[in-house]
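# Breakdown of the fold
Single-letter residue listing:
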Amino acid sequence: MIRPDAALLFQQLPQTNGEAALMQLHSLYFSRIFKLILSLIKQREPAEELASDVFMELWQRREKLSAIRNYEVYLYVIARNKAFTFLKQQLHLTDPLDQIEDFRLELARSPEDLLISSEMLHRIHAAINDLPPKCKLIFQLVKEQSFKYREVAEILNISLKTVEAQMGIAIKKLGKAVAFSTI
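Predicted, not measured: the structure shown is a model, and the values here were computed from it.

## Topic: the packing of helix α7 (residues 133-143) against helix α8 (residues 149-156)
Contact geometry of α7 with α8 gives a least axis separation of 10 Å together with a crossing angle of 130°. Between α7 and α8, the angle falls in the class oblique. α7 and α8 meet at a crossing whose hand is right-handed. In this structure, α7 uses L137, I138, L141 and V142 to contact α8, whose residues at the interface are Y149, V152 and L156. Residue composition of the contact of α7 with α8, grouped by class: seven nonpolar, no polar and no charged.

## A look at α8
Every buried residue of α8 is accounted for by E151, V152, A153, I155 and L156. One or two steps after α8, the chain reaches N157, where phi turns positive at roughly 60°.

## Structural notes on the side chain of Q145
Considering the arrangement of structural elements, one finds Q145 in the loop between α7 and α8. Overall, the relative accessible area of 10% leaves Q145 in the buried class. Sequence-distant contacts of Q145, defined by excluding residues within four places in its chain, comprise R32, Y76 and Q140.

## Focus: unusual backbone geometry
A positive phi is found at K42, a non-glycine position, where the angle reads about 60°. Looking at the element boundaries, K42 is found in the loop between α2 (18-41) and α3 (44-60). Although it is not a glycine, N157 adopts a positive phi angle of roughly 60°. Locating N157 in the fold gives a position in the loop between α8 and α9 (160-182).

## Considering the confidence of the model for the protein
Per-residue confidence for the protein gives a mean pLDDT of 81; residues scoring 70 or more make up 79%. By mean pLDDT, the top-scoring element of the protein is α3 (93), and the lowest-scoring one is helix α5 (residues 111-115) (54).

## What to know about the pattern of salt bridges
A complete count under the given rule lists six salt bridges for this structure. The closest approach of N and O atoms between E57 and K82, which form a salt bridge, is 2.8 Å. Highlighted residues: E57 in helix α3 and K82 in helix α4 (residues 71-91), separated in sequence by 25 residues. The salt bridge partner of E164 is K161, with a shortest N-O separation of 3.8 Å.

## Some points on the nonpolar core
Among the nonpolar cores identified, the biggest contains 55 residues, and I33, I37, I41 and L58 are the most heavily contacted of them. The set of elements that each furnish at least two residues to this core consists of α1 (4-12), α2, α3, α4, α6 (118-129), α7, α8 and α9. Per-element tally for this core: the top contributor is α4, with twelve residues. The contact partners of I37, leaving out residues within four places of it in the chain, are K42, A47, L50, A51, V54, A79 and A83.

## Here's the deal with the packing of aromatic side chains
Scanning all chains against the criterion turns up five aromatic pairs. Three or more aromatic residues link up through ring pairs in this structure, and these residues are F10, Y29 and Y71. Stacked on the ring of W59, the Lys or Arg R62 has its end atom at 3.8 Å from the ring centre.

## Things to note about the environment of I33
Secondary-structure assignment places I33 in helix α2. A C-alpha to C-alpha distance of 9.1 Å links I33 and L50, two positions 17 residues apart in sequence. Those residues in contact with I33, other than ones at most four positions away along the chain, are A51, V54, F55, L75, Y76 and A79.

Parameters at a glance
Residue indices begin from 1 for each chain and proceed along its sequence in written order. In keeping with the model being predicted, local features are shown solely for residues with a pLDDT of at least 70 and side-chain atom pairs are shown and tallied solely at 80 or more, while totals for entire chains, interfaces and linings include all residues. Excluding hydrogens and water, the side-chain figures rest on all heavy atoms present in the structure. Axes here mean lines fitted to C-alpha atoms, for a helix over just the part in contact, with angles spanning 0 to 180 degrees between N-to-C directions. Here a helix means four or more residues in a row that DSSP labels H or I, a strand means two or more in a row labelled E, and each is numbered from the N terminus. Geometric relationships in this document are graded by angle, where less than 35 degrees denotes roughly parallel, more than 145 denotes roughly antiparallel, 65 to 115 denotes roughly perpendicular, and other angles denote oblique. Here is the rule for handedness: rotate from the far helix to the near one, and if that takes an anticlockwise turn smaller than a right angle the crossing is left-handed, while a clockwise turn gives right-handed. What makes two residues a contact is simply this: any of their non-hydrogen atoms within 4.5 Å. Following the grouping adopted for this structure description, the nonpolar residues are Ala, Val, Leu, Ile, Met, Phe, Trp, Tyr, Cys and Pro, the charged ones are Asp, Glu, Lys and Arg, and the polar ones are all others, Gly among them. A simple rule labels every residue: compare its accessible area, found with a 1.4 Å probe on the protein chains alone, to the largest value its type can have, and call it buried under 20%, exposed over 50%, or partly exposed in between. pLDDT expresses how confident the predictor is about each individual residue, on a scale running from 0 to 100. For this analysis, a salt bridge means a side-chain nitrogen from Lys or Arg found within 4 Å of a carboxyl oxygen belonging to Asp or Glu. As used here, the term nonpolar core means buried Ala, Val, Leu, Ile, Met, Phe, Trp, Tyr and Cys residues forming a set that is joined through side-chain atoms within 4.5 Å. Two aromatic rings, drawn from Phe, Tyr or Trp (for Trp, its six-membered ring), form a pair once their centres lie within 6.5 Å of each other, and the interplanar angle then sorts them: stacked below 30 degrees, edge-to-face above 60, tilted otherwise. Here, a charge over a ring means that NZ of Lys or CZ of Arg falls within 6 Å of the ring centre while also lying within 35 degrees of the ring normal.

Below, the structure is given as C-alpha cells:
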C-alpha cells in the first residue's frame, strides 16, 4: 500500500516544488524499482540506468499524473515496461517472464520471524528459491511489496486468475516445506 506521504509527493510533481518531490520519490522507490528491473534483466548496470529512466519518465509525464488512480502501480508498470523493452532490444525474447530465474525474497525481522528456527527459515528460503521464476516474482510482489493480486496482474500485464493460480502454487509449495520441517 502506498504511504500517504508518497501520494502527496506524486501530487506535488506538477507543482513548482516538483523537483524536490521527485528527489524524495527517488529516495523512497529507487531501490525497489532497481530490484524489480534487475530481477527481470539480470544486468546490474543497465538495471541502474533503467531505474533512473523510470524517474525521468515520471518527471516527463508529471502533468498527466492527475488521471492516475494508483501511483505506486503506475511507477512499477513504467519499470516493467522499460525492462521488457530492454530485453526485447537486447535479447529478442518474446516472453521475458519465462527468463526470470532469481528474485530474492528478503524477510523482515518481526517477533514472529524470531520464533522461526534457522532450519525452518532455511527450508522456507529453499522452497522460495525452488519456485518457478514467474511464480517467485508474483509471490515476492504480493508478500514482500504488499501489492494486491489485482495490482500485480496490472504490473506484470497478466490476468488476475494467473496471479491467483501462481500464488496458490507458491503457498502450497511453501506449506509443504514448513510441514516437512515440523515432522
